[in-house]
Amino acid sequence: MKRVALLGATGSIGRQAIEIVEAHPELELCAAASGSTPLDDVDAPLKQVGGDVTDLLERARPDVVLNAVVGFAGIHATLWALESGVDLALANKESLVAGGELALAAMARGGGRILPVDSEHSALYQCLESRRLEQVEHLVLTGSGGPFRGRTRDELDSVTPEEALAHPTWRMGPKITVDSATLANKGLELIEAHYLFDIPYDRIEIILQPTSIVHSLVRFRDGASLAHVGYPDMRVPISYALTYPERATTPVPPLDLTALTLQFEAPDVETFPMLTLAREAGERGGTYPCAFNAANEVAVTAFLEERLPFLGIADVVEDVLGRSDGAAAESVDELLEADRRARALAEEGLRVA
Ligand code: NAD
Ligand code: MG
């Protein structure tokens, strides 16, 4: 029996994770938590809505923590699992982006490991498995390009939250769906890949593959590339992380190869500046990634509440990065403070925007 603590149990990933757990006799839910939504229909011995999850995790004694919280709020669960040496199935990319250095230090002390749930990183993890990084030339992160791929800036001027929420290939929570429309999601994933695989930014490429069949690939130094392909269905990476290294069966159908044509294109970084802003924040290091993430969270909320136009999201993030000192966080408190500062700067930016 593997005991799973599920945080963010009422979300898109959370619901699919419950389906996976219920389908596998060797998995059991030992705890479930959400931010504010009730957990009445979730069957777990320990449940908590809101509040500090670390007490819950201590009591639950999980073998694996599936962190499916949205946003920086997931930082406490990420750090708890890594510090405690408990496997971390990580969907909550924001915690690793914002707290990368601290998370890796906690992992080194605690002896835990991260099993990525983000589909691209799960793909890369599988393509890389047991290979030394010196054999790797580049990681190639794929993305669909979101609902606005191919549009010009002018055409994005007045897009609504409803249009941004209509993702072409994935059904996900609202925050990550907007991130996919601005390409901030691919920017967060770039930083996530840097920390997960300990590889410099100039060896991580981003390419669009509009149907989301190729989930990422690794270019090796001998000219070979390994790609991970399959239908876009998060139950595959969730199941992989929860049943690792067993690779249990899922209800996802096999890929019909005869029905496929695969096309790739470079992302339009002029129209979607979040990609460049994320790369710069990642390369500068310190708490710049934390500021990038915090400003994005504030701006996305404002966009969804129709207080900020779509193109304003990148403006707010650029402004906050320009006004942040990026000083490295030596402790969790310093990280929380950097997050708070960046949010305050973003709110200020919203008022003048
Ligand atoms: P969602 O909005 O559908 O669900 C979010 C969950 O987090 C809910 O259960 C909510 O109650 C909980 N939550 C919100 N605020 C919280 C807080 N302050 N404290 C504790 N819990 C809180 O989001 P989602 O689409 O399931 O995404 C979850 C995470 O997984 C995100 O980091 C996202 O980037 C990542 N992810 C999602 C997908 C996907 O297909 N949905 C794919 C890859 C990665
Ligand atoms: Mg992803």
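Placed above this text is the structure.
Residues numbered from 1 in each chain as written. Chains lettered and ligands numbered in written order. Predicted model: local features only at pLDDT ≥ 70, side-chain atom pairs only at ≥ 80, totals over all residues. Heavy atoms only, no water.

**Brief notes about the pairing of strand β2 (residues 27-34)**
Logical step 1: For β2, the tally of buried residues reaches 7 of 8 residues, placing the bulk of the element in the interior.
Logical step 2: Across 6 bridges, the pairing between strand β1 (residues 2-7) and β2 is parallel. Note on β2: the bridge partner recorded for Ala5 is Ala31.
Logical step 3: Read from β1 through helix α1 (residues 12-23) to β2, the crossover connection turns out right-handed. (Buried < 20%, exposed > 50% of the residue type's maximum accessible area, 1.4 Å probe, protein only. Helix = DSSP H or I, 4+ residues; strand = E, 2+ residues; numbered from the N terminus. Pairing = 2+ DSSP bridges. Right-handed = clockwise from strand over helix to strand, strands pointing away.)

**Observations concerning the packing of aromatic side chains**
How two aromatic rings sit relative to each other is given by the distance of their centres and the angle of their planes.
Logical step 1: Inspection of the entire model under this criterion finds 5 aromatic pairs.
Logical step 2: Ring centres of Tyr240 and Tyr244 lie 5.6 Å apart, and the angle between their planes is 65 degrees; this geometry places the pair in the edge-to-face category. For the residue pair Tyr240 and Tyr244, the accessibility class agrees, reading buried in each case.
Logical step 3: Among the aromatic side chains, those forming a connected cluster through ring pairs are Tyr125, Tyr240 and Tyr244. (Phe/Tyr/Trp six-rings, centres within 6.5 Å; stacked < 30°, edge-to-face > 60°.)

**Regarding the sheet that holds strand β9 (residues 214-220)**
Logical step 1: In spatial order, the strands read β8-β7-β9-β10; together these 4 strands make up an open sheet with mixed pairing. Taken across any chain shown, the strands that pair with only one partner, and hence form the sheet edges, are β8 (204-208) and β10 (225-229). Pairwise comparison of adjacent strand axes, ignoring direction, gives a mean angle of 20 degrees for this sheet.
Logical step 2: Pairing analysis gives 5 bridges linking strand β7 (residues 136-143) to β8, with the strands arranged parallel. Note on β8: the bridge partner recorded for Thr142 is Ile207.
Logical step 3: The strands touched by helix α5 (residues 119-128) within the sheet are β7, β9 and β10, with β9 carrying the most contacts at an inclination of about 35 degrees. (Axes fitted to C-alpha atoms, helices over the stretch in contact; angles between N-to-C directions. Contact = heavy atoms within 4.5 Å.)

**Points about the coordination of the magnesium ion (ligand 2)**
Logical step 1: Taken together, the protein ligands of the magnesium ion (ligand 2) are Asp118 (OD), Glu120 (OE) and Glu189 (OE), with distances of 2.1 to 2.2 Å.
Logical step 2: All donors to the magnesium ion (ligand 2) come from one chain, and their sequence spacing reads D-x1-E-x68-E. In this pair, Asp118 is assigned in the loop between β6 (114-116) and α5 and Glu189 in helix α9 (residues 184-197), connecting sequence segments 71 residues apart. (Donors = N, O, S within 2.8 Å, 3.2 Å for Na, K, Ca; no water.)

**Observations concerning the site of ligand 1**
Logical step 1: Close to ligand 1 lie 23 residues; Thr10, Ser12, Gly35, Glu94 and Gly173 are nearest.
Logical step 2: Gly11 is positioned with one of its backbone polar atoms (N or O) 3.1 Å from an oxygen atom of ligand 1.
Logical step 3: Residue Gly35 places a main-chain N or O atom 2.8 Å away from an oxygen atom belonging to ligand 1.
Logical step 4: Out of a free accessible area of 820 Å², ligand 1 has 83% covered by protein chains.
Logical step 5: Among the elements of the structure, α1, α4 (93-110) and α8 (174-182) are those that each provide at least two residues to the shell around ligand 1.
Logical step 6: Residue composition of the shell around ligand 1, by class: 11 nonpolar, 9 polar and 3 charged. (Near = heavy atom within 4 Å. Polar contact = N/O pair within 3.5 Å; in protein donor to acceptor, adjacent residues only side chain to side chain. Areas by Shrake-Rupley, 256 points an atom, 1.4 Å probe, with all protein chains shown as cover. Nonpolar A, V, L, I, M, F, W, Y, C, P; charged D, E, K, R; others polar.)

**Observations concerning helix α3 (residues 75-84)**
Logical step 1: By the criterion of burial, α3 is predominantly enclosed, with 7 of the 10 residues buried.
Logical step 2: Looking only at α3, the buried set comprises Ile75, Ala77, Thr78, Leu79, Trp80, Ala81 and Leu82.
Logical step 3: One or two steps after α3, the chain reaches Gly85, where phi turns positive at roughly 70 degrees.

**A short note on the side chain of Ser212**
Logical step 1: Examined against the element boundaries, Ser212 turns out to sit in the loop between β8 and β9.
Logical step 2: In contact with Ser212, not counting residues within four places along its chain, are Ser144, Thr169, Trp170, Gly230, Tyr231 and Pro232.

**Observations concerning the environment of Thr54**
Logical step 1: On the secondary structure map, Thr54 appears in helix α2 (residues 54-60).
Logical step 2: Between the C-alpha atoms of Thr54 and Tyr240, which are 186 residues apart in sequence, the distance is 25 Å.
Logical step 3: Once residues within four sequence positions are removed from consideration, Thr54 is found in contact with His76 and Trp80.

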